[in-house]
Amino acid sequence: QVQLVESGGGLVQPGGSLRLSCAASANISSINAMGWYRRAPGKQRELVAAITSGGNTNYAGSGKGRFTISRDNAKNTVYLQMNSLKPEDTAVYYCKGPRGTEYDSWGQGTQVTVSS
């Protein structure tokens, strides 16, 4: 199983920005649909954004216009740039690859807390 290690979370004020990183222990260049997910307290885990191997992106409603997903295949890393953060963005953020692949596993996540 490929290890996915998320980082970059922290405490930020409303309106602030964070950039999350997801470093994979193996090559991601041919892996389609790497995604960022989040689980807020008391809620189900949900998809935030996804990016294909060709760079096409898809965003869930909550992050549209504020979040940007990108990938650097040379570094085996997927990023999530989050701007204009809101308290409701508070959650543990995870990345994961396509179902049924070696990249289909949950890491430890990175905590994002948006609070004044």
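Reference entry: report on the structure contained in this document.

Quick notes on the rules
- Residues numbered from 1 in each chain as written.
- Predicted model: local features only at pLDDT ≥ 70, side-chain atom pairs only at ≥ 80, totals over all residues.
- Heavy atoms only, no water.
- Helix = DSSP H or I, 4+ residues; strand = E, 2+ residues; numbered from the N terminus.
- Rg over C-alpha atoms; globule rule 2.2 N^0.38 Å.
- Buried < 20%, exposed > 50% of the residue type's maximum accessible area, 1.4 Å probe, protein only.
- Contact = heavy atoms within 4.5 Å.
- Disulfide = S-S within 2.5 Å.
- Core = buried A, V, L, I, M, F, W, Y, C linked by side-chain atoms within 4.5 Å.

1. Points about the overall build of the chain
Along its length, the chain carries zero helices and ten strands. Seen in sequence order, the chain has helices and strands lined up from the N terminus as β-β-β-β-β-β-β-β-β-β. A compact globule built from 116 residues should have a C-alpha radius of gyration of about 13 Å, and the chain, at 13 Å, falls within 12% of that. By the burial criterion, 43% of the 116 residues in the chain qualify as buried. Considering only contacts in the chain between residues 6 or more positions apart, those separated by 24 or more positions represent 53%.

2. Some words on the state of the cysteines
Under the criterion given, the structure shown has one disulfide. Residue Cys22 pairs covalently with Cys95 via a disulfide, S to S 1.8 Å. Here the S-S torsion is close to 55°, and the disulfide linking Cys22 with Cys95 is therefore right-handed. Remark: Cys95 occurs in strand S9 (residues 91-96) and Cys22 occurs in strand S3 (residues 18-24); sequence separation between them is 73 residues. You can call Cys95 buried: its relative accessible area is 1%.

3. Observations regarding the nonpolar core
Residues Trp36, Ile69, Val78, Leu80, Met82 and Tyr93 are the most contacted members of the largest nonpolar core, which totals 28 residues. Ignoring sequence-local partners within four residues, the contact set of Tyr93 consists of Glu6, Leu20, Trp36, Tyr37, Arg38, Val48, Phe67, Leu80, Met82, Gly109, Thr110 and Val112.

4. Here's the deal with the environment of Val114
With respect to the element layout, Val114 can be found in strand S10 (residues 110-114). Given the relative accessible area of 4%, Val114 is considered buried. Residues Val114 and Gln13 lie 101 residues apart in sequence; the distance between their C-alpha atoms is 5.4 Å. What Val114 contacts, discounting residues up to four positions off in sequence, is Val12, Gln13, Pro14, Leu85, Lys86, Pro87, Asp89 and Thr90.

Any link to function would need more than the numbers given here.
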